[in-house]
Every structure is written in C-alpha cells, then in structure tokens.
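Geometric and topological summary
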Amino acid sequence: MIGQRLLDVVMRRHLEKFSCSVEVDTKLRSFEQSDEGVVAVLMKNDILKTPDTKWMIGANGAKDEARSNVAG
C-alpha cells in the first residue's frame, strides 16, 4: 500500500503524459453533461472558468458534488 502523497505524485506524472491536468483548490459551481462530454463551471481565486471536456472526475470523496449530481 502507498500513501496519498506518493499516489498523488504518481497519478499527476501519469496524467501529464496524456496532457491532462488536475485542478486543486477549485470549487465546482455547476456542470452539464451531454452525449458529447461535460461543460463545468469552476471557481478558483474568485475567477470563473468553463472548461469543455470529454469527462470529469469527482475525487473529493463520497460527498463530492460532481459525484452526487451525475445523472445515473
């Protein structure tokens, strides 16, 4: 078993190979899911961003807003 800090480093390095990024200290304000992907509204440092992407991962635990609001 490895600790969360080491896992974080390993995952980020792996994601960089695919031109993926991880947003930290960022609040998910809302998102819309369609057959084409996801449009999210994110807030970081009082600045709104609206990335358009094929997928989004909610990784803040069981009560993560992205997880709880995904249409099943």
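What comes next concerns the included structure. (Residues numbered from 1 in each chain as written. Predicted model: local features only at pLDDT ≥ 70, side-chain atom pairs only at ≥ 80, totals over all residues. Heavy atoms only, no water.)

Thoughts on the pattern of salt bridges
We apply this condition: Salt bridges are defined by distance alone: a side-chain nitrogen of Lys or Arg within 4 Å of a carboxyl oxygen of Asp or Glu. Starting at the N terminus, helices and strands are each numbered in turn, a helix being any DSSP run of H or I of at least four residues and a strand any DSSP run of E of at least two. Think of it in three bands: with a 1.4 Å probe and only protein chains considered, a residue is buried below 20% of the maximum accessible area for its type, exposed above 50%, and partly exposed in between.
Using the criterion set out here, one finds two salt bridges in the structure. A salt bridge links Asp-8 to Arg-12; its shortest N-O distance comes to 3.0 Å. Residue Asp-8 and its partner Arg-12 are located together in helix H1 (residues 4–16), separated by four residues, close to a single helical turn. Asp-8 sits in the partly exposed class, given a relative accessible area of 32%. When the shortest N-O distance is used, the salt bridge between Glu-23 and Lys-49 registers 3.0 Å. One end of the pair, Glu-23, is in the loop between H1 and strand E1 (27–33); the other, Lys-49, is in strand E3 (residues 47–49), with 26 residues separating them in the sequence. We classify Glu-23 as partly exposed; its relative accessible area is 36%. With relative accessibility at 34%, the residue Lys-49 sits in the partly exposed group.

Re the pairing of strand E2 (residues 38–44)
Quick reminder of the rule: Any two strands are treated as partners once DSSP identifies two or more bridges connecting them.
Across six bridges, E1 lies against E2 in antiparallel orientation. Following the sheet pairing, Lys-27 is matched in E2 by Met-43. If you look at the hairpin formed by E1 and E2, you'll find four residues sitting between the two strands, and Gly-37 has a positive phi there, around 155 degrees. Sheet analysis places E2 next to E3, joined by three bridges and oriented antiparallel. Of the residues in E3, the one forming a bridge with Met-43 is Leu-48. Taken together, E2 and the strand that follows it, E3, pair antiparallel across an intervening segment of two residues, in which Asn-45 is found at a positive phi of about 55 degrees.

Geometry only, nothing functional implied.
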